[in-house]
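Architecture at a glance
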Amino acid sequence: FHRVNQKNAWNELYMKHERTWDGFADILWITEHLNKGTEILELGSGNGKTLISLLKKGYLCTGVDFSASAVERIKERLASTEEERRCRLIVSDVFDLPADTGTFDAIVMTYLLNHLTLNRAFELFGEIPQLLKENGLVFAEAFGPGDMRNSLNGKERNGILYNYHTMDDWRK
């Protein structure tokens, strides 16, 4: 039930706001470790800010998001571009990926962890190895307690859950 509410809230956000988190992402923290042509899975792609930045650098990308509205935003942004041919998009909850999702050289999660409880995040980490090729890498970026939005920690705003986990939380 809770994931359904989250999904609806994200769909509504992406339908209402055409340019939610628009622009291009700083991806050097990812690309400095990968060769061009690497196959990347982005979990929680949103409207494609990170995904499209990776595509523009020559990577082969699969983006997953449970918001159909977000995935439509990516399709609109990629329409008739060279990057469109190197991108596969899947509308799915990251906890219920299709069997044919595949395996990847790298998995990227940009701010996805901020919208999961710590227990759910660890559950997701348990599923990641089956999605990675041998010697695959995982890149995760999340806001921490020092973020200006930390007052939302453990709360929902507009139906969307926010969590700001500490380094000690991740070490447990």
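This text gives an overview of the structure that appears in the document.

Description of the pattern of salt bridges
- Scanning the model with the defined rule gives 9 salt bridges in all.
- Among the salt bridges present, the one from aspartate 168 reaches arginine 171, with a minimum N-O distance of 2.8 Å. A residue pair is termed a helical-turn pair when its members lie 3 or 4 positions apart in one helix, as aspartate 168 and arginine 171 do in helix H6 (residues 167-171) at 3 residues. For the pair formed by aspartate 168 and arginine 171, the shared burial category is exposed.
- Connected through salt bridges with shared partners, the residues Glu39, Asp105 and Lys133 form a single ionic network.

Description of the state of the cysteines
- On inspection of all chains with the given rule, the structure shows 0 disulfides.
- Cysteine cysteine 61 shares no disulfide, and the gap to the nearest cysteine sulfur, in cysteine 87, comes to 6.4 Å.
- Note on cysteine 61: relative accessible area 3%, which makes it buried.

So, helix H5 (residues 118-127)
- Buried within H5 are the following residues: Leu118, Ala121 and Leu124. Along the axis of H5, the buried residues cluster in a sector spanning 115 degrees; they form a single face. Seen from the buried face of H5, the exposed residues on the opposite side, beyond 90 degrees, are Asn119 and Gly126.
- Here the buried face of H5 lies against strand S1 (39-43), strand S4 (104-110) and H6.

Reading guide: rules and limits
Residues numbered from 1 in each chain as written. Predicted model: local features only at pLDDT ≥ 70, side-chain atom pairs only at ≥ 80, totals over all residues. Heavy atoms only, no water. Salt bridge = Lys/Arg side-chain N within 4 Å of Asp/Glu carboxyl O. Helix = DSSP H or I, 4+ residues; strand = E, 2+ residues; numbered from the N terminus. Buried < 20%, exposed > 50% of the residue type's maximum accessible area, 1.4 Å probe, protein only. Disulfide = S-S within 2.5 Å. Arc of directions from axis to C-beta. Contact = heavy atoms within 4.5 Å.

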